[in-house]
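Notes for the structure review
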Amino acid sequence: MKTKLRLGIIGAGSVVREIYQHLYFHSHYSHLLEICAVADPNEQCRNWLADLAGVPPSRRFSDYRELLAKVKLDAVQVNTPDHLHCAPTLAALKAGLDVVVPKPTAATAKDAHAMIQAAKDSRRFLGVDFHKREDPRIKEAEARFQNGRYGTFQTAVFYMLDKLWVADPNHSPRFFATPDFAEKNTPVSFLTVHMADALMKIVNLIPVHVRATGYSQKLPSLKPIPVKGYDLVDTEILFETGAQAHIISGWALPNTAESNTVQSSRIICSDGLIDLGLDTPGLREVHAEGILEVNPLFRNFEKDKTVTGYGISSPGRLYQQILAMQNGKLSATEREAAFQPTTLGFYTTLVLEGAEKSLAEGKKLPGGVTLGPAVDLRELTVRQLGARAAKSYGLA
Ligand SMILES: NC(=O)c1ccc[n+]([C@@H]2O[C@H](COP(=O)([O-])OP(=O)(O)OC[C@H]3O[C@@H](n4cnc5c(N)ncnc54)[C@H](O)[C@@H]3O)[C@@H](O)[C@H]2O)c1
């Protein structure tokens, strides 16, 4: 029986620095993983992770295709920017490997569908790390809502706001390895997807329309490198039942904010409501650096250097599932659940694509506001994937 996965890492930027290095080297899952190879065109990122993992120079690559061709592996983790998740995932599945990607599955429904189909066709495992799903507060809300405690879901407001230093390429050290990350991506792709995914997990509904309003008022003023991008986006999601949600996300809060990510939500239903105080996890410190909210539920740096929390257990469980599958121990029920479109982030990717399309087609007001039109997600899916595939997702 296999007890360890030989893992190749494709992409070693900020998500590895912030989350996965702890999973790989200091978690309750580290003994399941052996980092055997690293691919990243950015030499500094590549060597940083390869040095940490003790990967020799012969297994460090600038091109992931070489990693797949030259190293014997059981699985890969694809940590590239969203629009680059699909190609390495398809190549790895084709090479007979299981794959883990960070959220969101991809930048477009078409890519997400191709990845899901390729995993099904190759009978390999695809896991998407939406770590918020493992937040105990989201899980409790899901169970309570789905027991019928609050009646019918009517409307919700979620917000998730990062400090400006995350999006600001002038900040030292820079948060993202990719210098133009905040220009190429939006708060929707980086943040809204977390909250849209958490909401859909709780209420278990299919989104049918999306509309977005974008605010570009702070990022263009940054110096010396301005960023042509959105500070804040309000994404309105309409579900098949007529229920709706506003997911407000941004990355331009002053760096003096009380936590790196200020976030919360209220979900209102016919028979009650749920408040999720996500930014008050219970450890508030008064320190020379300021008054700070620390979130040990996400990453808990324990005394013995082990890192725990849902940021670690979420991907850790995906690797446990991969190991179980490779040992023939993943039950049919678990496998079926792992391949559901919701689990694989299909609807979340659709919301992302719809919101970005709405912004791209929006009316630009003087002063940096973009008012997007409503985007019909059924039409978008049929157009991108064809009627048959759209029907399989309940969208035709
Ligand atoms: N940064 C976070 O805290 C965080 C959290 C959750 C999810 N994510 C997701 O993780 C993914 C990566 O984001 P990031 O924040 O690490 O971005 P980043 O720009 O910091 O790092 C991306 C890395 O991928 C590398 N890369 C680009 N093309 C590549 C290729 N073809 N092959 C191999 N490597 C390649 C880049 O050189 C860079 O080192 C995105 O999907 C993002 O949404 C990030």
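Predicted model, so just to flag it, every value in this text is computed and none were measured.

Right, let's talk about the overall build of the protein for a bit. In terms of regular secondary structure, the protein is built from 13 helices and 19 strands. In summary, the protein has a C-alpha radius of gyration of 21 Å against a globular reference of 21 Å for 396 residues, a match within 12%. For the protein, buried positions account for 49% of its 396 residues. Considering only contacts in the protein between residues 6 or more positions apart, those separated by 24 or more positions represent 72%.

Moving on: the nonpolar core. Of all hydrophobic cores here, the largest spans 118 residues; its most connected members are Leu 7, Ala 75, Val 76, Val 99 and Leu 199. A domain-level breakdown of this core finds at least three residues from each of domain 1 (5-130 + 305-329) and domain 2 (136-297 + 346-392). Once residues within four sequence positions are removed from consideration, Val 99 is found in contact with Ala 75, Val 76, Val 78, Thr 89, Ala 92, Leu 93 and Leu 126.

What follows is about the domain arrangement of the protein. How big an interface is tends to be stated in terms of accessible area lost as the parts join. Its domain assignment divides the protein into domain 1 (5-130 + 305-329) and domain 2 (136-297 + 346-392). Once you take the C-alpha centre of each, domain 1 and domain 2 turn out to be 25 Å apart. With 20 residues of domain 1 at the interface, the matching set in domain 2 holds 22 residues. No other element matches helix α5 (residues 109-122), which puts five residues into the side of domain 1 that touches domain 2. Residue classes in the side of domain 1 that touches domain 2 are distributed as 10 nonpolar, seven polar and three charged.

Within strand β13 (residues 283-287), only zero of the five residues are buried, leaving the element largely exposed. Hairpin remark: β13 followed by strand β14 (residues 290-294), antiparallel, with two residues in the connecting loop.

On to the sheet that holds strand β4 (residues 75-78), then. Spatially, the six strands line up as an open sheet ordered β3-β2-β1-β4-β5-β6, and their pairing is parallel. Either end of the sheet is taken by a strand with one partner, and the two such strands are β3 (60-61) and β6 (126-129). Across four bridges, strand β5 (residues 98-102) lies against β6 in parallel orientation. Bridge pairing links Val 100 to Gly 127 in β6. Relative to the sheet, helix α9 (residues 310-326) contacts β1 (5-10), β2 (33-39), β4, β5 and β6, its axis offset from that of β6 by approximately 170°.

Running from N to C, helix α11 (residues 346-360) and helix α12 (residues 377-385) cross one another at 100°; their axes reach a closest spacing of 10 Å. With respect to each other, α11 and α12 are oriented roughly perpendicular. Residue-level contacts link Leu 350, Glu 353 and Gly 354 of α11 to Leu 377, Leu 380 and Thr 381 of α12. Looking at the contact of α11 with α12, its residues break down into three nonpolar, two polar and one charged.

Turning our eyes to something else, we now look at the environment of Ala 338. Here Ala 338 lies in helix α10 (residues 332-338). Sequence separation between Ala 338 and Leu 318 is 20 residues; the distance between their C-alpha atoms is 9.4 Å. If we skip the residues at most four places from it in the chain, Ala 338 touches Phe 125, Gln 321 and Thr 343.

The next point concerns α12. Of the positions making up α12, those classed as buried are Leu 377, Leu 380, Thr 381 and Leu 385. The arc that holds the buried residues of α12, viewed along the axis, is 95°, so those residues lie on one side. Structurally, α12 contributes buried residues whose contacts are with α5, β8 (207-215), α11, β19 (375-376) and α13 (387-392). Immediately downstream of α12, the backbone of Gly 386 shows phi near 90°, a positive value.

This paragraph deals with the site of the ligand. Not every one of the 25 residues close to the ligand is listed here, only the nearest: Gly 11, Gly 13, Ser 14, Ala 177 and Thr 178. Here the shell around the ligand gets three residues from one element, more than from any other, and that element is helix α1 (residues 14-26). Considered class by class, the residues forming the shell around the ligand number 14 nonpolar, seven polar and four charged. Residues lining the shell around the ligand come from more than one domain, with at least three contributed by each of domain 1 (5-130 + 305-329) and domain 2 (136-297 + 346-392).

This part covers the pairing of strand β7 (residues 153-163). With eight of its 11 residues buried, β7 lies for the most part within the structure. Summarising the sheet, β7 and strand β11 (residues 261-269) pair through nine bridges and their orientation is antiparallel. Considered in β11, the bridge of Thr 155 is made with Ile 268.

Another aspect to go through is α1. In this model, α1 (13 residues) spans 17 Å end to end at C-alpha, consistent with the 18 Å of a helix rising 1.5 Å per residue. A maximum bend of about 55° is found in α1 at Tyr 20. Those residues of α1 that are buried are in contact with β2, α2 (43-53), β16 (307-308) and α9.

In this section: the environment of Ala 37. With respect to the element layout, Ala 37 can be found in strand β2. Distance from Ala 37 to Ala 167, taken between C-alpha atoms, is 29 Å for residues 130 residues apart in sequence. Residues in contact with Ala 37, not counting those within four places in the same chain, are Gly 8, Val 55, Arg 59, Phe 61, Leu 67, Val 71 and Leu 73.

Calculation criteria
- Every chain is numbered on its own, with residues counted from 1 as its sequence reads.
- pLDDT decides what is reported in this predicted model: residues at 70 or higher carry local features, side-chain atom pairs at 80 or more are listed and counted, and totals for whole chains, interfaces and linings draw on all residues regardless.
- The helix and strand labels rest on DSSP assignments: H or I over at least four residues marks a helix, E over at least two residues marks a strand, and numbering proceeds from the N terminus.
- We compute the radius of gyration over the C-alpha atoms and compare it with the globule rule, which gives 2.2 Å times the number of residues raised to the power 0.38.
- Using C-beta atoms placed from the backbone, we call a residue buried if 20 or more other C-beta atoms fall within 10 Å of its own, exposed if 12 or fewer do, and partly exposed for counts in between.
- The contact criterion used here is simple: two residues whose C-beta atoms, placed from the backbone, lie within 7 Å are in contact.
- In plain words, the nonpolar core is the set of buried Ala, Val, Leu, Ile, Met, Phe, Trp, Tyr and Cys residues that C-beta atoms within 7 Å link up.
- Boundaries between domains were set according to an automatic or database domain assignment.
- Three categories are distinguished: nonpolar for Ala, Val, Leu, Ile, Met, Phe, Trp, Tyr, Cys and Pro, charged for Asp, Glu, Lys and Arg, and polar for the others, with Gly belonging to the last.
- Strands pair, by our definition, only if DSSP identifies at least two bridges between them.
- Throughout, an axis means a line fitted to C-alpha atoms (over the contacting stretch in the case of helices), and angles, computed between N-to-C directions, take values from 0 to 180 degrees.
- In what follows, roughly perpendicular refers to angles from 65 to 115 degrees, roughly parallel to angles under 35, roughly antiparallel to angles over 145, and oblique to any angle outside these ranges.
- Throughout, the arc means that of the directions going from the helix axis to the C-beta atoms.
- Nearness here is judged by the C-beta atom: place it from the backbone, and if it falls within 6 Å of a molecule or strand, the residue counts as near that partner.
- Multiply 1.5 Å by the residue count of a helix minus one, and that product is the helix's expected span.
- Throughout, bend refers to the angle between the axes fitted to the seven residues that end at a position and the seven residues that start at it.

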